[in-house]
Amino acid sequence: MLQLALDPCGPLNRSVYAALRAAILERRIVPGSKLPSSRALAADLGVSRNTVLYAYEQLAAEGYVETRVGSGTYVVDSPLVGSVLAQRRRSRRGEGRRRLSSLGVRLSRDRSLGHGRGNTRREALPHDFRFAGAGHERETLNVWARLVGRRARSLSRAPTGYQPPGGSPELREALAGYLSRARGLTCRPEQIVVTQGSQQGIDLCLRLLVEAGDRVVVEEPHYAGYGSCLHACGAAVSYVPVDAAGMQVELVAELEAAKVACVTPSHQFPTGGVMPLSRRLRLLDWARQNGTVVLEDDYDGEFRHEGPPIECLQSLDQNEQVIYLGTASRMLFPALRIGWAVAPEDLVNAFQRLKAIADRDTSSLEQLVLADFISGGWLERHVRRARKRYAVRRTAFLEGIRSELGTRAELVGASAGTHALLRLPELPASRFASLRRACQQRGVGIYSADECYAQPPECVALLAGYASLAERDIVVGVRKLREALDSLGKSSGAPP
């Protein structure tokens, strides 16, 4: 009787084939041996005869066995089996093993790279304070669906194909007008490169500008997407602390000349500071003197709740030192993977070619729909309505934190955007997992801000998004967060 260990996963016929192939390669079935009849092996394994026949036919097609009419199926004594065995022995000794690039080595050794919070599947919770979420109104979704249908119907009458490397001309034209009106940006449509979300824009910028060992300045704390890209390309990273007014630019002058500086001046991520004019001018002057490129990530600059939105850093740039990055995901919905980079004139061609190497084209249909959405005035109407809606939800969030947690919480960065940084000084950072479990039991989703820090804080710090929750859900969610914190008891330092 032939003993085979079948893999319970996958189709049964492939499992029988794989088990027989392994037995032949490992010489548990030696060359020249006769295999059991298909009926006998099927009975031994408890499978159908057709399953075994498939396995035998596949092995014969690949040269492992041969069928002799009137005699049966035999294992072939061929150079193929000997070659595979020899390769396996060399592999065990480390001979002929593939060699990775320096980037490949870094990616294989650092498991945190490329596996941020956004890549994990989550259980739906009724009170989910996830930052990436966004609240949608039915009118915006209806308009989007109507524009998608119109563009989809037009595809049957117009030629389809790849867009230019920089993106759809219609979208770049629409974006240039919108960015000028809404963010004070100065650019021509040809300077815009459409990307698969802002993360691809960050990756392309850093790959275009940074080599292993180059100095790059990053805010501390910072958006984790910068850290992953910089570690992957082997940059020498200098972290500059932030305060209530964003990056402390006066400390930058003390550093060695840097190739790139990555900043979020309109709403520092994640602490929410807004960089004042004096710091912006000082940063641009330092960049000019040192030949540094400034990456301005304007991820949610439209949503300011105390005063009007502040114009972007690029609008002050007289020496083409700034690459501006934006995204539709934050304004509309995360599944819309469209972002944009506005590059200085001398970098546009190289940027477009690198984008063409990374992928041929961002989704053409979605680009055209977004162009229609902008040109029809729908984006600006949506942003105005969203700003009002988020302001109401922000108020509910602030009042909930004040009434439920009081002095037990420190809240920063809520003057703009769709999230805030919530610190819980009484709870050591090591207790975050316990707090998360207690919150999940109550239907509340919370998220650590640790990945935003090169040196994580000593206490629990949460990146709390409120834009996707109705006001009542925010109030209930904050109350349940307080209950979860209380449930940890004396071990957390919480009052009984």
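Residues numbered from 1 in each chain as written. Predicted model: local features only at pLDDT ≥ 70, side-chain atom pairs only at ≥ 80, totals over all residues. Heavy atoms only, no water.

Draft legend 1. Quick look at the overall build of the chain. Secondary structure assignment for the chain yields 17 helices and 15 strands. Across the 496 residues in the chain, those meeting the buried criterion constitute 51%. Long-range contacts, defined here as pairs at least 24 residues apart, represent 72% of the contacts in the chain between residues at least 6 apart. Per element, the accessible surface of the chain, about 23400 Å² overall, is 50% carbon and sulfur. (Helix = DSSP H or I, 4+ residues; strand = E, 2+ residues; numbered from the N terminus. Buried < 20%, exposed > 50% of the residue type's maximum accessible area, 1.4 Å probe, protein only. Contact = heavy atoms within 4.5 Å. Areas by Shrake-Rupley, 256 points an atom, 1.4 Å probe, with all protein chains shown as cover.)

Draft legend 2. Spatial organisation of the sheet that holds strand β6 (residues 236-243). Spatially, 8 strands are ordered β4-β11-β10-β9-β8-β5-β6-β7 in an open sheet, and the strand pairing comes out mixed. Each having just a single partner strand, β4 (192-195) and β7 (246-247) make up the two edges of the open sheet. Pairing geometry for β6 and β7, over 2 bridges, is antiparallel. Looking across to β7, one finds that Val242 is bridged to Met247. Contacting β4 and β11 (339-342), helix α13 (residues 348-358) crosses the sheet at an angle of about 15° to β4. (Pairing = 2+ DSSP bridges. Axes fitted to C-alpha atoms, helices over the stretch in contact; angles between N-to-C directions.)

Draft legend 3. How the structure looks around the packing of aromatic side chains. Enumeration according to the criterion identifies 9 aromatic pairs in this entry. Seen in terms of ring centroids, Phe131 and Tyr299 are 6.4 Å apart; in terms of plane orientation they differ by 75°. Their pairing is edge-to-face. Here Phe131 is found in the loop between β3 (127-128) and α6 (138-154), whereas its partner Tyr299 is found in the loop between β9 (293-297) and β10 (322-327), with 168 residues between them in sequence. Take Phe131 and Tyr299: they sit in the same class, and that class is buried. Joined through ring pairs, the aromatic side chains of Phe131, Tyr223, Tyr226, Phe269 and Tyr299 make up one cluster. Positioned over the ring face of Tyr447 is Arg130, at 5.8 Å from the centre of the ring. Cation over ring: Arg381 sits above Trp378, and NZ or CZ is 4.3 Å from the ring centre. (Phe/Tyr/Trp six-rings, centres within 6.5 Å; stacked < 30°, edge-to-face > 60°. Lys NZ or Arg CZ within 6 Å of the ring centre and 35° of its normal.)

Draft legend 4. Spotlight on helix α14 (residues 364-375). For α14, built from 12 residues, the straight-helix expectation of 16 Å at 1.5 Å per residue is met to within 8% by its first-to-last C-alpha distance of 16 Å. Looking at α14, one finds that the buried residues are Ser364, Gln367, Leu368, Val369, Leu370, Ala371, Phe373 and Ile374. In the core, the buried residues of α14 are packed alongside α6, α7 (169-183), β4, α12 (328-331), β11 and α15 (378-404). Where α14 ends, the next residue or the one after it, Gly377, has phi of about 80°, a positive value. (Expected span 1.5 Å × (residues − 1).)

Draft legend 5. Broad picture of the sheet that holds strand β13 (residues 419-428). Read from one edge of the open sheet, 3 strands run β12-β13-β15, paired in antiparallel fashion. Single-partner strands in this sheet number two, and they are β12 (410-412) and β15 (459-465). Adjacent strand axes in the sheet meet at a mean angle of 25° when their direction is disregarded. In this sheet, β13 lies alongside β12 in antiparallel orientation, the contact comprising 3 bridges. Note that in β13 the partner of Glu410 across the bridge is Arg423. Here α15 sits on the sheet and contacts β12, β13 and β15; the angle it forms with β12, its principal contact strand, is near 160°.

Draft legend 6. Geometry of the pairing of β15. Among the 7 residues that make up β15, 7 are buried, leaving the element largely enclosed by the rest of the structure. Across 7 bridges, the pairing between β13 and β15 is antiparallel. The residue of β15 that forms the bridge with Pro428 is Cys459.

Draft legend 7. Focus on the pattern of salt bridges. Across all of its chains, the model carries 20 salt bridges by this definition. Note that Arg151 is salt-bridged to Asp372, the shortest N-O span being 2.7 Å. One end of the pair, Arg151, is in helix α6; the other, Asp372, is in helix α14, with 221 residues separating them in the sequence. Where salt bridges share partners, they join Glu404, Arg408, Glu426, Arg482 and Asp486 into one cluster. (Salt bridge = Lys/Arg side-chain N within 4 Å of Asp/Glu carboxyl O.)

Draft legend 8. Seen up close, empty space enclosed by the protein. Under the definition given, this model contains 4 cavities of 30 Å³ or more. Its boundaries defined by the atoms lining it, the largest cavity holds a volume of some 60 Å³. Every residue along the wall of the largest cavity is listed here: Phe129, Phe397, Leu422, Ile446, Tyr447, Leu462, Leu463, Ala464, Val478 and Leu481. Among the elements of the structure, β15 and α17 (471-487) are those that each provide at least two residues to the lining of the largest cavity. Broken down by element, the lining of the largest cavity gets its largest block of residues, 3 residues, from β15. Among the residues making up the lining of the largest cavity, the classes are represented as 10 nonpolar, no polar and no charged. A volume near 40 Å³ is recorded for the second largest cavity. Val218, Glu219, His222, Tyr223, Tyr226, Cys262, Val263 and Thr264 are the residues that line the second largest cavity. Secondary-structure elements contributing two or more residues to the lining of the second largest cavity are β5 (215-220) and β8 (260-263). (1 Å grid on protein atoms, 1.4 Å probe; cavity = no way out; pocket = protein on both sides within 12 Å on 5 of 7 lines; lining within 4 Å. Points joined across faces, edges and corners; volume = space filled by probe spheres on them. Nonpolar A, V, L, I, M, F, W, Y, C, P; charged D, E, K, R; others polar.)

Draft legend 9. Quick look at the nonpolar core. In terms of nonpolar packing, the biggest core is built from 34 residues, with Trp340 and Leu370 touching the most fellow members. Where this core is concerned, the elements lending two or more residues are α6, α7, β4, α12, β11, α14 and α15. Here this core takes 6 residues from α7, the largest share from any one element. In this view, Leu370 contacts Trp144, Leu171, Ala328, Leu332, Ile338 and Trp340; residues no more than four positions away in its chain are not counted. Residues Leu405, Ala420, Ile446 and Ala484 belong to the second largest nonpolar core, which totals 29 residues. (Core = buried A, V, L, I, M, F, W, Y, C linked by side-chain atoms within 4.5 Å.)

The values reported here are purely geometric and, on their own, carry no functional implication.
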